[in-house]
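Here's the letter readout for the chains.
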Amino acid sequence: MYQFKNYIKFVLAIVLAFFISCKDLDELNINPNGVDPATADLNLLMPTFITGIGQQVVNLGVGDIAGVMQHTQLDGWSGGHNDYDWDIDSKSWSGYYGILRNIDEFHKKAVEGEYAFHEGVALIMKAYTFGMIADLWGDAPYSEALKAEEGSEFFKPKYDSQRDIYLGILADLESANTLLSQSSDSYSNISSTQDLLYGGDVTKWRKLANSLALRYYMRLSEKESGIAQEGISKIASAPGTYPVITNASEDATVGYIGSSPSDSWPTNTVYDTDPRGAYFRVKMCATLVEVMQALNDPRLGVYANKIEIPLKKVEGENIDRIVNGIREISQDIIDDYTESWGVGVDFDPEYVGIPTSIYAAPQYNLNPNLDQAVYNPHCSQLNDMYKQTNGDLLQMRLMSAAEVHFILAEAASYGWAPGSAEEYYTAGIQQSFNTWGVGSAAGYIDGAPYSGLESIIEQKWIASWTSAAESWFDWRRTGLPELQTGESARRQALPLRFYYHFADEISKNTVNAEEAISRLEPTQYKGSDPSNNSAWSKTWVLQGTGKPY
């Protein structure tokens, strides 16, 4: 994490990003409005695309994907979060291509000026952003994107296959590793104050490149196991040539300055003062809470608040009273509630999450206020720190040491990496504990021992708090952790991808979009979607794997 002295650059980045955000398909290539990145100084572009992609990671990780992966549930205006109520107007990639436009301009300037550090950074961030697009949607403009200035033949770029995008970003990450492997005195024009991620530390950027390559080689493990094995073995067997992130101090994170709504943590109550605002709508999900409670996981107290008023069943009839901070209720009150709302009561005295996809989320656990999106004294809100605009733990989390160790644990279990899967697993948990400031994991691991892939993915899922998209991609690949939908879910299975957006994509690049849609493989959960453009269709990386269903 780079320190507060650089946060002012975040403000400038937000302002610049506002002017150069892209709205139309043509802006996969160029935006005729606002500030032109071509006239901006090379280093001034760095905060823009670093914070741009960081905010996308957070928006996914605390937004709808946190609902999909059952970290959280909303108790108001919850359709997209709890129930996957998405469609062709829900999720657009235009913001990602706006970020890529800045990265592309940065890359051109780096090549022109022969700035190897900047070129390496550009390739890493290009790989990160295109990787997210491929992960979220599948096939997408890649080889012909960002080229409109070269001629009208690129105004409607083709959709490259998801496979080709993954292989392309892995090639870029290999090039980045090479560019960043020179002696430190060979680099020039580095501005530590503009690099919000690593403060101009070449070695840390190099570690991010190789760590990201591990992520994408593992992404290919079910579909292209030979490529995955070769790539992971290459990196894991040669740490001198391919250094990776191994310590939480090297995590790829960016903090918030908190001086305005646009540069503050998204659930803060400083700028969002509505008592039904973002913070109050978000509750912990029972799935995550109960797993962490069973493991006596100290991170739960960092993620969530304890309930304000526990519930206790007492003998008698028509009893509903507060005694010494505890709400005492009799069985007839419980029965009436259960009959009215179709859900039971959770008497846990500390942490209570809302079950997945239930109709009665606003009323859950005898909430005395039956309106939606209000404070519930009998459910766990997010930790109070998430009311703040910024803080040491309020970070855009692009990649972590914990994730790297869990990837290596899985690889070692297949014989693809030297060392013990159990040792990597243990290191992954400890580095997550370090990230969240909860001390030694030694005693915890005694109660959460390594037991193969299921234990690795479960811990990776717990550790992905506020960056839940990566756990979604793991779930698609492995079917782990085993997650079930609830009664109000749009389908009786978790979604697999985002729909291609109609207004921003299909209507403007129809022929290429429809060709990409034809390559999607519908599943039994496609339901009423009129084409293969469904959140329950499989992209290339899942086709033929039998995963996750």
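See above for the structure.
First, a word on what this report is: a plain description of the structure on this page. (Residues numbered from 1 in each chain as written. Predicted model: local features only at pLDDT ≥ 70, side-chain atom pairs only at ≥ 80, totals over all residues. Heavy atoms only, no water.)

### Considerations on the nonpolar core
One finds F49, I65, W205 and W472 to be the most contacted residues of the largest nonpolar core, which totals 146 residues. It is helix α6 (residues 116–136) that contributes the most residues to this core, 14 residues altogether. Here W205 is in contact with M46, I50, F117, V121, I124, M125, L180, D195, L197 and Y198, once residues within four sequence places are set aside. (Core = buried A, V, L, I, M, F, W, Y, C linked by side-chain atoms within 4.5 Å. Buried < 20%, exposed > 50% of the residue type's maximum accessible area, 1.4 Å probe, protein only. Helix = DSSP H or I, 4+ residues; strand = E, 2+ residues; numbered from the N terminus. Contact = heavy atoms within 4.5 Å.)

### Topic: the packing of aromatic side chains
Counted by the stated rule, this structure contains 28 aromatic pairs. Residues Y303 and W465 carry aromatic rings whose centres are separated by 4.7 Å and whose planes lie at 10° to one another, so their mutual orientation is stacked. Within this pair, whereas Y303 is found in helix α12 (residues 300–303), its partner W465 is found in the loop between α17 (453–463) and α18 (469–478), the two being separated by 162 residues in sequence. The exposure class of Y303 is buried, given its relative accessible area of 0%. Members of the aromatic cluster, joined through ring pairs, are W86, W93, Y96, Y97, F130, W137, Y142, Y159, W472, F473, F498 and Y500. A cation over a ring is seen here: R219 above Y216, with NZ or CZ 4.8 Å from the ring centre. The positively charged end of R397 is found above the aromatic ring belonging to W436, 4.3 Å away from the centroid. (Phe/Tyr/Trp six-rings, centres within 6.5 Å; stacked < 30°, edge-to-face > 60°. Lys NZ or Arg CZ within 6 Å of the ring centre and 35° of its normal.)

### Quick notes on the pattern of salt bridges
Scanning the model with the defined rule gives 27 salt bridges in all. We note a salt bridge from K207 to E250, for which the minimum N-O separation is 2.6 Å. Of this pair, K207 sits in helix α8 (residues 202–219) while E250 sits in the loop between α9 (225–236) and β4 (252–255), and the two are 43 residues apart along the sequence. Accessibility assignment for this pair places K207 and E250 in one class, buried. (Salt bridge = Lys/Arg side-chain N within 4 Å of Asp/Glu carboxyl O.)

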